[in-house]
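# Summary of structural features
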Amino acid sequence: MALVIPLAKGAGPISRQVYLGLRGAIVQGTFRPGDRLPATRDLAEQLGVSRTVVLLAYEQLLSEGFIEGRPGSGTYASQIFGGSPRAAADSARLRLSRFGSSAAAAASSVDFPRRPSMSLRYDFAYRRSGVGEFPFAVWRRILMRRARKASVRHFDYGPPAGSVALREAIAIHLRRSRAAVCDASQVIIVNGSQQALDLAARVLMERGDRVVLEDPQYQGAREVFRAAGARLHPVPVDREGLNPAKLPASARIAFVTPSHQFPTGGVLPLARRLALLEWAKKGHAVVIEDDYDGEFRYEGQPVESMQGLDTEGRVIYLGTFSRTVFPALRIGYLIAPKSLVPAFTSGKWLCDRHTATLEQETLAEFIANGAYERHLRRTRRANAVRRTALLEAIRKYLQGVEVTGDSSGTHVVLWPNGSLSEEELIARGASENVGVYGIAKYFLKTPSAPGLMLGYSGMTEQQIREGIRLLAKAIG
């Protein structure tokens, strides 16, 4: 019988390639148990190799039990795999843990980052950051210098809490820009804010604990807590964010985005921040503050963090460089109360030992030498111009449509008038080559009205204006 075994230069010894080809044919059922294999001379002729090469492959298969020789008869596939071909590798029914079951269920609802199924010319995707404006030349110079000068110890395991230099640089930056009250010992470096959320769930809660979420809310937080077995308690938001008057009597954790509520964009006023902290104090709860885009504010004074208002050590502050540097960096951080630092440090070690060291050292220098702050100023100015273009275009082409979330961040939410559903609005936009995104998926309870999220940080002013003009044309 003819047998095709692809052989390639540079893919290892030919005898090894023949062995792997035959082994795969046996395991996958091409050769059933008891089937006769080609004679070594015939197979060598088919493959264009020497018989010695095939003999070496057969000897290896024989020693491992994949084939068996019968004197005077030939070589046969072993009976070890039973009477039928092996099933496909992904057909086994494996039992999932509660976490695995929750994670699998989340796959149908979480808005995982992925390339869109179709390319739209005017795409208001909120995830896009101004990567094109990032000073990559500066970053590369620092990275290469760090790599050249690194000693052997820099390539060993690093401290679980992260680079001391980076932790210090972050603490200094947050004290100045976000009015945080912290020192470097409280900073834990993580692989993005998503790992910070996962750590918080592992360190702080037991299965069955109640967790308060804004409604709507960031899906990544919702599904982490759901997978950890939390009882989710949604609290509706209004134009100023979470309303503390609607909080339950008690909960273990409250997760909030006070500086720019995700996705509606409300900014939690001081009175509500203090009320939330008082609620946490009375109920012995922890507040997780996600400051995912607090660096971008365009009206009034910067809003100080809730962590800076906390006098009892009840706030865990999360931040990320995905929005301000670039997402592929995968470096975020959490600021833990001093009493929780040992638990979070140990939790980080148990998860993955530590975050990549060279990237941390590069980022630390990037912040310390002022390049990060200069980049933030340029990005704020560029985003402010885009924001102005967006709001002017909305006023011109979508008169009377309510907009929320425009005072900060890099996206706004439109609340269209009329009877069109969210799906119809999105489809009509796509028909005009405009990408807009609904917010219903972020709610635990069905929203009363459709809303469209429009990100603008990855677009030019001209694209923004034309995109809004076409969107207005599409939705009437």
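Reading the values: rules and limits
- Residues numbered from 1 in each chain as written.
- Predicted model: local features only at pLDDT ≥ 70, side-chain atom pairs only at ≥ 80, totals over all residues.
- Heavy atoms only, no water.
- Salt bridge = Lys/Arg side-chain N within 4 Å of Asp/Glu carboxyl O.
- Helix = DSSP H or I, 4+ residues; strand = E, 2+ residues; numbered from the N terminus.
- Buried < 20%, exposed > 50% of the residue type's maximum accessible area, 1.4 Å probe, protein only.
- Pairing = 2+ DSSP bridges.

Turning next to the pattern of salt bridges. Inspection of every chain in the model, using the stated rule, returns 21 salt bridges. In this structure, Asp291 engages Arg178 in a salt bridge whose closest nitrogen and oxygen atoms are separated by 2.7 Å. Pair noted here: Asp291 is in the loop between β9 (286-290) and β10 (315-320) and Arg178 is in the loop between α6 (164-177) and β4 (187-190), with a separation of 113 residues, a long-range link. Judged by its relative accessible area of 7%, Asp291 falls in the buried class.

Of all five residues making up strand β13 (residues 411-415), five are buried, and the element is well covered by its neighbours. Going residue by residue along β13, you find His411, Val413 and Trp415 tucked away on one face and Val412 and Leu414 tucked away on the opposite face as well. Note: strand β12 (residues 402-404) against β13, three bridges, orientation antiparallel. Paired with Glu402 across the two strands is Trp415, which belongs to β13. With antiparallel pairing between neighbouring strands as the criterion, β12 and β13 make up a hairpin whose turn holds six residues, including Gly405 at a positive phi of roughly 80°. Across four bridges, β13 lies against strand β16 (residues 452-455) in antiparallel orientation.

If you walk across this open sheet you meet the four strands as β12-β13-β16-β15, and the pairing is antiparallel. The outermost strands of the open sheet, each flanked by one partner alone, are β12 and β15 (437-438).

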